[in-house]
Amino acid sequence: MTATPAIIHPAQAAAAKTGAKASPANAADRATAAAIRGEAGGKLASFYAGTNFEPVWSVKGRMGPSARKLIGYIEDARLDGLDPDRYKPDALRAAVAAADRGGAEKRAQADIALSRAFARYVADMRKARDVGMTFAGKGLKPSRPADDAVLRVATMRRLGAYMDEMGWMSPHYVRMREALRAAEARGADRETLEVLRLNRERARVLPSPAVRHIVVDAAAARLYYYQNGEQVGSMRVVVGTARTQTPMLAGYLNWAIFNPYWNVPDYLVRDNVARKVLSGRTLDSMNMQALADWSDEPAVLDPAKIDWQAVRDGRQDLRVRELPGPVNSMGKVKFLFPNDEGIYLHDTPNRDLLAKDARFFSNGCIRLEDAAELGRWMMGKAYGAKGKAPEQAVPLPAPVPVYLTYLTATQTKKGFALLDDVYQRDRR
């Protein structure tokens, strides 16, 4: 079975390999299972063998509501950017009707046809388009799942709820899909529909809630985290300005740094720190140090021996860091994931910015409303600093995928709304 973060969590994959289920207890389902054994082939045969050929879509000799839910999704597949005819909805409806009128053979034929259509539909939905997302780690970009894997995940829990929630897709995708439906029903103009479709594609690359992961939506300046098929938390965040944008980026969070330093960006050293020093402030009063280089253990420079005017004029580069403490811009902790953009998630002492409706104030990194809450969810008992020593690096018990995205569409009681395109990525 091929497992990817896009649809299958490792725990799910393990559970899916535990062996065949007991024979169906109901006589009608036993007859259907016997018929499926003779009908199923290929990857579907592999899946059904793992369930002792128990039917997926019928219960006690009747096709269940999940079958009709699937056909409804397929008939609306244009909302997913797909062609409904590829999945033969008319033939599926006819097979379901024949199954309800006929016996075990007809139910088996309908069950296999629905399973085949479902696997193809899910695989096509999971195929990501290029929306500007950088994947800084293997397995983060959705890949085509095998038919048997799709069905195993779908049947691990209650199929009805999984179908109702479109559980193989991110909740953000489901919201974008419904917003697009509402816009089409209202006769929205072409530009609006294109923006909604672009947002749908951005949401397509996000994992299902079965995968333990974090989503940061820069457009809404909000963070969400998921586990075991549910959203388990959400919080406000501060994201990058229009000039210092938070990128669309996916990676694996793997370290917490307690009592962190803050390495001041070069432009702030030039435009802020050097200007203040030339005006009479000291580095000590700003809780900062000037360093000789960018090594792990740099020498601390004497501020009096630095040509601050040259730094202010941009003629000299200088490394400056802010020391840990109650006013440190990183707060008490930062969470790192490997990426070339130098982006991470971190605590912040500046709580007033989190209270604003528009929260575009950072240099690109993500400031967290409740870093401790997120840290405890990721790390459990391992969360917390040991003393006041700076830069305490603690590995996360397991890497946590994080997806930084940009969704300027939202579902509302009236159908949908478009947020301000602060980063000008929609080309409206």
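Residues numbered from 1 in each chain as written. Predicted model: local features only at pLDDT ≥ 70, side-chain atom pairs only at ≥ 80, totals over all residues. Heavy atoms only, no water.

A. Summary view of the pattern of salt bridges. Taken as a whole, this structure holds 21 salt bridges when the rule is applied. Between Asp-313 and Arg-315 there is a salt bridge whose closest N-O contact spans 3.2 Å. Between Asp-347 and Arg-351 there is a salt bridge; the shortest N-O distance is 3.9 Å. With a relative accessible area of 38%, Arg-351 lands in the partly exposed category. (Salt bridge = Lys/Arg side-chain N within 4 Å of Asp/Glu carboxyl O. Buried < 20%, exposed > 50% of the residue type's maximum accessible area, 1.4 Å probe, protein only.)

B. Expanded view of helix α9 (residues 171–185). With 15 residues, α9 extends 21 Å between its outermost C-alpha atoms, agreeing within 8% with the 21 Å of an ideal straight helix rising 1.5 Å per residue. Looking only at α9, the buried set comprises His-172, Tyr-173, Met-176, Arg-177, Ala-179, Leu-180, Ala-182 and Ala-183. Packed against the buried residues of α9 are α4 (65–75), α6 (104–125), α10 (190–204), β4 (213–217), β5 (222–227) and β16 (409–410). Its side-chain oxygen placed 3.0 Å from the backbone nitrogen of His-172, Ser-170 serves as the N-cap of α9. Immediately beyond the C-terminal end of α9, within one or two residues, lies Gly-187, with a positive phi of roughly 70°. (Helix = DSSP H or I, 4+ residues; strand = E, 2+ residues; numbered from the N terminus. Expected span 1.5 Å × (residues − 1). Contact = heavy atoms within 4.5 Å. Polar contact = N/O pair within 3.5 Å; in protein donor to acceptor, adjacent residues only side chain to side chain.)

C. Examining the packing of aromatic side chains more closely. Tallying each qualifying case throughout the model produces eleven aromatic pairs. Where Phe-118 meets Trp-168, the ring centres are 5.2 Å apart and the plane angle is 90°; that geometry is what we call edge-to-face. Residue Phe-118 is found in helix α6, and its partner Trp-168 is found in the loop between α8 (159–164) and α9; the two are separated by 50 residues along the sequence. With respect to burial, Phe-118 and Trp-168 carry one shared label: buried. In textbook terms, an aromatic cluster arises when at least three aromatic residues are bridged by ring pairs, as seen for Trp-57, Tyr-73, Tyr-87, Phe-118, Tyr-121, Tyr-162 and Trp-168. Against the face of Trp-377 rests Arg-212, its NZ or CZ located 4.3 Å from the ring centre. (Phe/Tyr/Trp six-rings, centres within 6.5 Å; stacked < 30°, edge-to-face > 60°. Lys NZ or Arg CZ within 6 Å of the ring centre and 35° of its normal.)

D. Molecular detail of the nonpolar core. Ile-214, Leu-223, Leu-253, Phe-335, Leu-368, Leu-374 and Met-378 are the most contacted members of the largest nonpolar core, which totals 64 residues. Each residue touching Phe-335, except ones within four places of it in the same chain, is listed here: Leu-253, Trp-255, Ala-256, Tyr-344, Leu-345, Leu-368, Ala-371, Gly-375, Met-378, Met-379 and Tyr-383. Membership of the second largest hydrophobic core comes to 55 residues, among which are Leu-82, Tyr-162, Ala-179 and Ala-182. (Core = buried A, V, L, I, M, F, W, Y, C linked by side-chain atoms within 4.5 Å.)

E. Local environment of helix α2 (residues 27–39). Across its 13 residues, α2 extends 19 Å between first and last C-alpha, which sits within 8% of the 18 Å expected from 1.5 Å per residue. Regarding α2, the residues found buried are Asp-29, Thr-32, Ala-33, Ala-35 and Ile-36. For α2, the angular spread of buried residues about the axis comes to 165°, placing them on one side. Turned more than 90 degrees away from the buried face of α2 sit Ala-34, Arg-37 and Gly-38, all of them exposed. On the buried face of α2, the contacting elements are α3 (42–50), β1 (58–59) and α6. (Arc of directions from axis to C-beta.)

F. Focus on the sheet that holds strand β10 (residues 319–322). Strand order in the open sheet formed by three strands is β8-β10-β9, and the pairing between neighbours is antiparallel. The sheet is open, and its two edges are formed by β8 (262–263) and β9 (288–291), each paired on a single side. (Pairing = 2+ DSSP bridges.)

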